[in-house]
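Read off the chains here:
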Amino acid sequence: MAETPREVRERLRDDVRKLVAGDRPARLEYVTTALLDTGRHVTRIPLARHREIELVEVAIRGTSHGDELVIGAHYDTNPSAMAVLLGLARVLAGCRFARTVRLVAFAEGATGSREYARRIHDNAIALRGMLSLESVGFLAVSEIFMTETAQRATLVLPAAGAFEKSGTTTNLAGDLLPVNRSLDAPDFARSDLDIIRG
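Residues numbered from 1 in each chain as written. Predicted model: local features only at pLDDT ≥ 70, side-chain atom pairs only at ≥ 80, totals over all residues. Heavy atoms only, no water.

Student: Explain the overall build of the chain residue by residue, including any values.
Tutor: The helix and strand inventory of the chain stands at six helices and nine strands. Along the longest, intermediate and shortest principal axes, the C-alpha atoms of the chain span 65 × 45 × 40 Å. For the chain, the proportion of its 198 residues judged to be buried stands at 32%. When contacts within the chain are restricted to residue pairs at least 6 apart in sequence, long-range pairs at least 24 apart make up 61% of them. Looking at the chain as shown, the accessible area adds up to about 12600 Å², and 54% of this sits on carbon and sulfur atoms. Distance between charge centres in the chain, computed from 26 positive and 26 negative side chains, equals 5 Å. (Helix = DSSP H or I, 4+ residues; strand = E, 2+ residues; numbered from the N terminus. Buried < 20%, exposed > 50% of the residue type's maximum accessible area, 1.4 Å probe, protein only. Contact = heavy atoms within 4.5 Å. Areas by Shrake-Rupley, 256 points an atom, 1.4 Å probe, with all protein chains shown as cover. Lys, Arg positive; Asp, Glu negative; His and termini not counted. Charge placed at Lys NZ, Arg CZ, Asp CG, Glu CD.)

Student: Go over the sheet that holds strand β1 (residues 42–46) with me, naming the residues and quoting the values.
Tutor: The strand order β1-β2-β4-β3-β5 describes an open sheet built from five strands, whose pairing is mixed. Where the open sheet ends on each side, the last strands, each with one partner, are β1 and β5 (127–132). This sheet shows a mean twist of 20° between the axes of neighbouring strands, independent of strand direction. Relative to the sheet, helix α3 (residues 79–91) contacts β3 (68–74) and β4 (101–106), its axis offset from that of β3 by approximately 135°. Running over the sheet, helix α4 (residues 109–122) touches β1, β2 (54–60), β3, β4 and β5 and is turned about 150° from β4. (Pairing = 2+ DSSP bridges. Axes fitted to C-alpha atoms, helices over the stretch in contact; angles between N-to-C directions.)

Student: Talk me through the environment of Arg-99; I want residue IDs and the actual numbers.
Tutor: With respect to the element layout, Arg-99 can be found in the loop between α3 and β4. According to the relative accessible area criterion, Arg-99 is partly exposed, its value standing at 35%. The residues touching Arg-99, leaving out its near neighbours within four places in the chain, are Ile-60, Gly-62, Asp-67, Glu-68, Leu-69 and Arg-128. Separated by 3.0 Å, the side chain of Arg-99 and the backbone oxygen of Asp-67 make a polar contact. (Polar contact = N/O pair within 3.5 Å; in protein donor to acceptor, adjacent residues only side chain to side chain.)

Student: So what's going on with the packing of aromatic side chains? Residues and values would help.
Tutor: Using the criterion set out here, one finds one aromatic pair in the structure. On the numbers, 5.5 Å between centres and 85° between planes, the contact of Phe-106 with Tyr-116 is edge-to-face. Pair noted here: Phe-106 is in strand β4 and Tyr-116 is in helix α4, with a separation of ten residues, a long-range link. Grouping residues by exposure puts Phe-106 and Tyr-116 together as buried. (Phe/Tyr/Trp six-rings, centres within 6.5 Å; stacked < 30°, edge-to-face > 60°.)

Student: Quick one: what's the story with unusual backbone geometry, residue by residue and with numbers?
Tutor: One non-glycine residue, Glu-108, lies in the positive phi region at around 65°. The backbone of Ala-124 sits at a positive phi, close to 55°, despite the residue not being glycine.

Student: Go over the pattern of salt bridges, please, and point to the residues and values.
Tutor: Within the structure shown, the criterion is met by ten salt bridges. Glu-10 is the partner of Arg-13 in a salt bridge, and the nearest nitrogen-oxygen pair spans 2.8 Å. One end of the pair, Arg-13, and the other, Glu-10, are both in helix α1 (residues 5–21), three residues apart, so they sit about a helical turn from each other. Given a relative accessible area of 38%, Glu-10 falls into the partly exposed group. When the shortest N-O distance is used, the salt bridge between Asp-14 and Lys-18 registers 3.0 Å. You can see Asp-14 and its partner Lys-18 sitting in helix α1, four residues apart, about one turn around the helix. Given a relative accessible area of 41%, Lys-18 falls into the partly exposed group. (Salt bridge = Lys/Arg side-chain N within 4 Å of Asp/Glu carboxyl O.)

This is how it looks when you write it as structure tokens:
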């Protein structure tokens, strides 16, 4: 029986808690066990220069030969992204696709990613693409108040309010109307355009 959305959320939270709590060897064991629990064959790949550090790969073999897809996250630096990869592995348990899909738990930052890319190249595996889950846990918001969403955000960009900036707006009839600033914004707040410009 499929998990309910609430059960999926709880499992993701539990994954993040366990990944945050452990050191790298404990995270490696947790990720390996979670992937094995999906009924898939798991391959641990030691890094060439750091044999004690391993990547973890699950190859979901496609029904036909051709370009493959890699979906990955770092288990040693990004618990949110890794939890999503584990959740995806659970959802895909028992599924097969036309093309091979490789789920990869990376380690050691760019070094581990480069070594995996070299391995793919050396084995003459044709890739269609790579989906990185690294920004999954990052939320940036532009707000004028500390809303509930802003409180959960990784980055809050303080925005100027409607009366603190000049520009244009569109009314319900679709007319473009000028807006003139009537109040000064606090020193730390910026207009939407200034936020985009950096």
